[in-house]
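Spelled out from the first residue to the last, the chains are:
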Amino acid sequence: KKINSMPFFRYLAPSGTHAPLQAAREDSDAVEDIKPHRARGYAAMIHALDRSVGRIMTELDEQGLAENTIVIFSSDNGGAGYIGLPEVNAPYRGWKLTLFEGGTHVPFLAKWPAKIEAGTQFDAPIHHMDLFSTFAAAAGAPIPTDRIIDGVNLLPYLNGSKTDAPHEALVWLEGHQETVLHRGMKLIRAQQPWKFWLFDLKTDPTEQFNLANDQPETVMLLNQRLDAHRLA
């Protein structure tokens, strides 16, 4: 029996890929070819997550809702260093709780057969704050006008009607670390100790070459952007 197809919203935040690394035997057996044991445990946890997502997608199909339901799969951060898997974020540098790409560059997949063509790829940086405006647009709901909404509706970018970048700049703050990404140039500044990293993500997406000493004017300009954001 199909459910009433009234509009609905479901947010799921599975915690299955967090420490401790342990999984059901059936999931461990499914990835038994993966070595070493710690990597196998982590892969088994991801296998369990995949199965859970599959159950949701199957239910949408069975209820006749898959064609006109937008499903987004993403992560809040990159893999953690404390799980003991050095290559978990490869080829990106850093971990969860850092502002290198290994901490902030995460998967983002969207499926909406009625509106988004299968195989669509969009490469410009986006942020989870965009989801509010995207979901509101999908539901035909108005955006509040009594406050500043930083996120943008991603649907025109996902369906190809817009091809520019949704954001000129994005900012992250994590404790004493602060980052601004502006038109492909990324500045990380830390206060313990005071240090700057500057990367050109267009040519160096894995952040191997710190350009801070070579481009002091860019560092100054991006520092000003961070300061302005702090004061906003």
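You'll find the structure just up there.
Residues numbered from 1 in each chain as written. Predicted model: local features only at pLDDT ≥ 70, side-chain atom pairs only at ≥ 80, totals over all residues. Heavy atoms only, no water.

**Observations concerning the overall build of the chain**
So, step 1. Scanning the chain for helices and strands turns up six helices and six strands.
So, step 2. Ordering the α and β elements of the chain from the N terminus gives α-α-β-α-β-α-α-β-β-β-β-α.
So, step 3. Considering the chain as a whole, with its 232 residues, one finds that 33% of them fall into the buried category.
So, step 4. Counting contacts in the chain only where the partners sit at least 6 residues apart, residues at least 24 apart contribute 49% of the total. (Helix = DSSP H or I, 4+ residues; strand = E, 2+ residues; numbered from the N terminus. Buried < 20%, exposed > 50% of the residue type's maximum accessible area, 1.4 Å probe, protein only. Contact = heavy atoms within 4.5 Å.)

**So, the sheet that holds strand β5 (residues 185-191)**
So, step 1. Spatially, β3-β4-β5-β6 is the arrangement adopted by the four strands of the open sheet, whose pairing is antiparallel. Every interior strand has two partners, whereas the edge strands, β3 (169-174) and β6 (194-200), have only one. Pairs of neighbouring strands in the sheet enclose a mean axial angle of 10°, with direction left out of account.
So, step 2. By the bridge criterion, six bridges tie β3 to strand β4 (residues 177-182) in an arrangement that is antiparallel. By the bridge assignment for β4, Glu174 is matched with Gln177. (Pairing = 2+ DSSP bridges. Axes fitted to C-alpha atoms, helices over the stretch in contact; angles between N-to-C directions.)

**Notes on the layout of surface pockets**
So, step 1. Size it by volume and the second largest pocket reaches roughly 1200 Å³.
So, step 2. Lining the second largest pocket are 50 residues, with His105, Val106, Ala124, Pro125 and Ile126 sitting closest to its centre.
So, step 3. The leading source of residues in the lining of the second largest pocket is β3, at five residues.
So, step 4. Along the lines of polarity and charge, the residues of the lining of the second largest pocket split into 24 nonpolar, 15 polar and 11 charged. (1 Å grid on protein atoms, 1.4 Å probe; cavity = no way out; pocket = protein on both sides within 12 Å on 5 of 7 lines; lining within 4 Å. Points joined across faces, edges and corners; volume = space filled by probe spheres on them. Nonpolar A, V, L, I, M, F, W, Y, C, P; charged D, E, K, R; others polar.)

**Points about helix α2 (residues 37-62)**
So, step 1. Its 26 residues place the ends of α2 37 Å apart at the C-alpha level, agreeing with the 38 Å of an ideal helix rising 1.5 Å per residue.
So, step 2. Considered for burial, the residues of α2 that qualify are Ala39, Arg40, Gly41, Tyr42, Ala43, Ala44, Met45, Leu49 and Leu60.
So, step 3. Contacts made by the buried residues of α2 are with α1 (25-30) and β1 (71-74).
So, step 4. Positive backbone phi, approximately 70°, marks Gly64, located one or two places after α2. (Expected span 1.5 Å × (residues − 1).)

**Side note on the pattern of salt bridges**
So, step 1. The full count for this structure, using the stated rule, is 11 salt bridges.
So, step 2. Arg147 serves as the salt-bridge partner of Asp146, at 2.8 Å between the closest nitrogen and oxygen.
So, step 3. Connected via shared salt-bridge partners are Glu178, Arg189, Asp227 and Arg230. (Salt bridge = Lys/Arg side-chain N within 4 Å of Asp/Glu carboxyl O.)

**A closer look at helix α6 (residues 216-231)**
So, step 1. An ideal rise of 1.5 Å per residue puts 22 Å on 16 residues; α6 measures up with 23 Å between its terminal C-alpha atoms.
So, step 2. Those residues of α6 not exposed but buried are Thr218, Val219, Leu222, Asn223 and Leu226. Each buried residue of α6 lies within a common arc of 135° when the element is viewed along its axis, so the set occupies one face. Opposite the buried face of α6, by more than 90 degrees, sit the exposed residues Glu217, Leu221 and Leu231.
So, step 3. Looking at the buried side of α6, the elements it contacts are β3, β4, β5 and β6. (Arc of directions from axis to C-beta.)

**Concerning the packing of aromatic side chains**
How two aromatic rings sit relative to each other is given by the distance of their centres and the angle of their planes.
So, step 1. Following the criterion strictly, the structure yields five aromatic pairs and no others.
So, step 2. Note on Trp194 and Phe196: the rings are 5.3 Å apart at their centroids and 85° apart in plane angle, and the pair reads as edge-to-face.
So, step 3. When its relative accessible area of 22% is taken as the criterion, Phe196 is described as partly exposed.
So, step 4. Through successive ring pairs, a cluster of aromatic residues spans Phe100, Trp197 and Phe199. (Phe/Tyr/Trp six-rings, centres within 6.5 Å; stacked < 30°, edge-to-face > 60°.)

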